[in-house]
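Here is how the chains run, residue by residue.
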Amino acid sequence: DAKTTQPPSMDCAEGRAANLPCNHSTISGNEYVYWYRQIHSQGPQYIIHGLKNNETNEMASLIITEDRKSSTLILPHATLRDTAVYYCIVRPVHQGAQKLVFGQGTRLTINP
Amino acid sequence: EPEVTQTPSHQVTQMGQEVILRCVPISNHLYFYWYRQILGQKVEFLVSFYNNEISEKSEIFDDQFSVERPDGSNFTLKIRSTKLEDSAMYFCASSDSGGAYEQYFGPGTRLTVT
């Protein structure tokens, strides 16, 4: 089962920052936090991942609390194309193939 | 930008028939995965594959399922005798490392079993 908790849905106005929270209170020291999204019925798309430091790439920023029990994905200027289901996933860093365990995610709707 | 491709995009088959879903992972990737998503439900892990053998499989991946990397580019999922409940989107994914590296997903094959 997924080890994260996310709100089932959120709305955000176009052009504003979308802040998606995730709780992962049982995260272990060797587990990363990953964010993926799924637009309509397309394949999941990788967004960003981090261990304990905040991370930023061209798509988003990831803020991880100091105790690592929660994180926030930030889409700085949301567009209509960011409407999707966003998944927060914790996953250990081991050698070998590591599956992703998807929960229900947060359905983010960007409104014009 | 390299991407994972899957064929066909939609497959309709009759119950009891064999189907093969095909995937071309990103060329320098070493780890390969199949996931499925029944309509309206979560994305579920089926199997991971590395170095020409299965690394891990889920309870869903029973004897009716098999995977193969028949050549240097393709990765296939075979369902020997399809059931109505096999109707789902099937996603292939690949990564260049099994550890901290991200998985890249294909667009999926919609399998409809009638």
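Right above here is the structure, for reference.
Every value quoted in this text rests on a predicted model; they were computed, and no experiment measured them.

Engineer: Can you help me understand the interface of chain A and chain B in this one?
Structural biologist: Quoted interface sizes are often the accessible area lost when the parts come together. At the interface, 22 residues of chain A touch 22 residues of chain B. Both faces considered, chain A and chain B share a buried interface measuring about 1800 Å² in area, 53% of it formed by carbon and sulfur atoms. Our enumeration of links across chain A and chain B arrives at one salt bridge. Scanning the region where chain A abuts chain B turns up five residue pairs in polar contact (both at pLDDT 80 or more). Of all the elements in the fold, those that place two or more residues in the side of chain A that touches chain B are strand E3 (31–38), strand E4 (45–50) and strand E8 (84–92) of chain A. Considering each element in turn, the side of chain A that touches chain B owes the most residues, four residues, to E3 of chain A. Here the side of chain A that touches chain B is built from residues that sort into ten nonpolar, ten polar and two charged.

Engineer: In this structure, what is going on with the state of the cysteines? I would like to understand it.
Structural biologist: Put plainly, a disulfide is one covalent bond tying together the sulfur atoms of two cysteines. Residue and element names in this part refer to chain A. Considering all chains together, one arrives at two disulfides over all chains under this definition. Note that Cys22 is cross-linked by a disulfide to Cys88, the S-S spacing being 2.1 Å. Residues Cys22 and Cys88 are joined by a disulfide whose S-S torsion is about -80°; by sign, that bridge is left-handed. Pair noted here: Cys22 is in strand E2 (residues 18–23) and Cys88 is in strand E8, with a separation of 66 residues, a long-range link.

Engineer: Teacher, can you tell me more about the environment of Phe102 of chain A here?
Structural biologist: Residue position: Phe102 of chain A is located in the loop between E8 and strand E9 (106–111). In this structure, the C-alpha to C-alpha distance between Phe102 of chain A and Lys3 of chain A, residues 99 residues apart in sequence, is 9.2 Å.

Engineer: Hey, could you run me through the packing of aromatic side chains in this one?
Structural biologist: The relation between two aromatic rings is expressed through the spacing of the ring centres and the mutual angle of the planes. Taken as a whole and assessed by the stated rule, the structure comprises 15 aromatic pairs over all chains. Plain terms: the ring middles of Tyr36 of chain A and Phe105 of chain B are 6.0 Å apart, the flat faces sit at 80° to each other, and that makes the pair edge-to-face. With Tyr36 of chain A in strand E3 and Phe105 of chain B in strand E10 (residues 104–105), this pair bridges two chains. Overall, the relative accessible area of 0% leaves Tyr36 of chain A in the buried class. For the pair Tyr87 of chain A and Phe102 of chain A, a centre-to-centre distance of 5.1 Å together with 90° between the ring planes defines the contact as edge-to-face. Highlighted residues: Tyr87 of chain A in strand E8 and Phe102 of chain A in the loop between E8 and E9, separated in sequence by 15 residues. Note on Tyr87 of chain A: relative accessible area 3%, which makes it buried.

Cut-offs and rules
- Residues numbered from 1 in each chain as written.
- Chains lettered and ligands numbered in written order.
- Predicted model: local features only at pLDDT ≥ 70, side-chain atom pairs only at ≥ 80, totals over all residues.
- Heavy atoms only, no water.
- Contact = heavy atoms within 4.5 Å.
- Buried area = accessible area lost by both parts, 1.4 Å probe.
- Salt bridge = Lys/Arg side-chain N within 4 Å of Asp/Glu carboxyl O.
- Polar contact = N/O pair within 3.5 Å; in protein donor to acceptor, adjacent residues only side chain to side chain.
- Helix = DSSP H or I, 4+ residues; strand = E, 2+ residues; numbered from the N terminus.
- Nonpolar A, V, L, I, M, F, W, Y, C, P; charged D, E, K, R; others polar.
- Disulfide = S-S within 2.5 Å.
- Phe/Tyr/Trp six-rings, centres within 6.5 Å; stacked < 30°, edge-to-face > 60°.
- Buried < 20%, exposed > 50% of the residue type's maximum accessible area, 1.4 Å probe, protein only.

Function cannot be inferred from these measures alone, as they are strictly geometric.
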